[in-house]
Amino acid sequence: QVQLVESGGGLVQAGGSLRLSCAASGRTFSSYGMGWFRQAPGKEREFVAAISGAGIVYTYYADFVKGRFTVSRDNAKNTVYLQMNSLKPEDTAVYYCAADLQGRASATASVYEYWGQGTQVTVFP
């Protein structure tokens, strides 16, 4: 069983920044692929970014966040981060982290076995 706890959400003005954190349980965190997804009111959950697990680490981003968001991980702290810069009102959503025990950095939600409870990000004009 893997538990994921997101933090770092909040209210920010457009153009500002936030850093989300996702703390994971489990002794083999370094091998987990970790993804970030978001869901805005009335919309489907959508992929934001992902980072692979053990081996050569690679990252993958949705087109709408490239150049603005950065995903990273600190395996010593069992934590994955999402640095969000140049935020826009359309980035307003609940942000979720997810873990894939196979270590993939996937944009497909069904790949991920474990999910956090989400953290709210609100960007005002």
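This text follows the structure it describes.
Model, not experiment: these values are computed from the prediction.

Engineer: Would you mind showing me how to read the state of the cysteines here?
Structural biologist: Two cysteines whose sulfur atoms are joined by a covalent bond form what is called a disulfide. Under the counting rule described, the total for this entry stands at 1 disulfide. A disulfide bridge connects Cys-22 with Cys-97, and the sulfur atoms are separated by 1.9 Å. Between Cys-22 and Cys-97, the disulfide has an S-S torsion of 50° and is therefore right-handed. Of this pair, Cys-22 sits in strand E3 (residues 18-24) while Cys-97 sits in strand E9 (residues 93-100), and the two are 75 residues apart along the sequence. Given a relative accessible area of 0%, Cys-97 falls into the buried group.

Engineer: Looking at this model, I keep getting lost on the sheet that holds strand E8 (residues 79-84). Mind explaining?
Structural biologist: Strands in a sheet are paired, the pairing made by backbone hydrogen bonds, and the direction either parallel or antiparallel. With antiparallel pairing, 4 strands are arranged side by side in an open sheet as E1-E3-E8-E7. Taken across any chain shown, the strands that pair with only one partner, and hence form the sheet edges, are strand E1 (4-7) and strand E7 (69-74). Along the sheet, successive strands turn relative to each other by an average axial angle of 15°, direction set aside. Looking at chain direction, E7 and E8 are connected through 6 bridges and run antiparallel. Across the sheet, residue Ser-72 finds its bridge partner in E8, namely Tyr-81.

Quick notes on the rules
Residues numbered from 1 in each chain as written. Predicted model: local features only at pLDDT ≥ 70, side-chain atom pairs only at ≥ 80, totals over all residues. Heavy atoms only, no water. Disulfide = S-S within 2.5 Å. Helix = DSSP H or I, 4+ residues; strand = E, 2+ residues; numbered from the N terminus. Buried < 20%, exposed > 50% of the residue type's maximum accessible area, 1.4 Å probe, protein only. Pairing = 2+ DSSP bridges. Axes fitted to C-alpha atoms, helices over the stretch in contact; angles between N-to-C directions.

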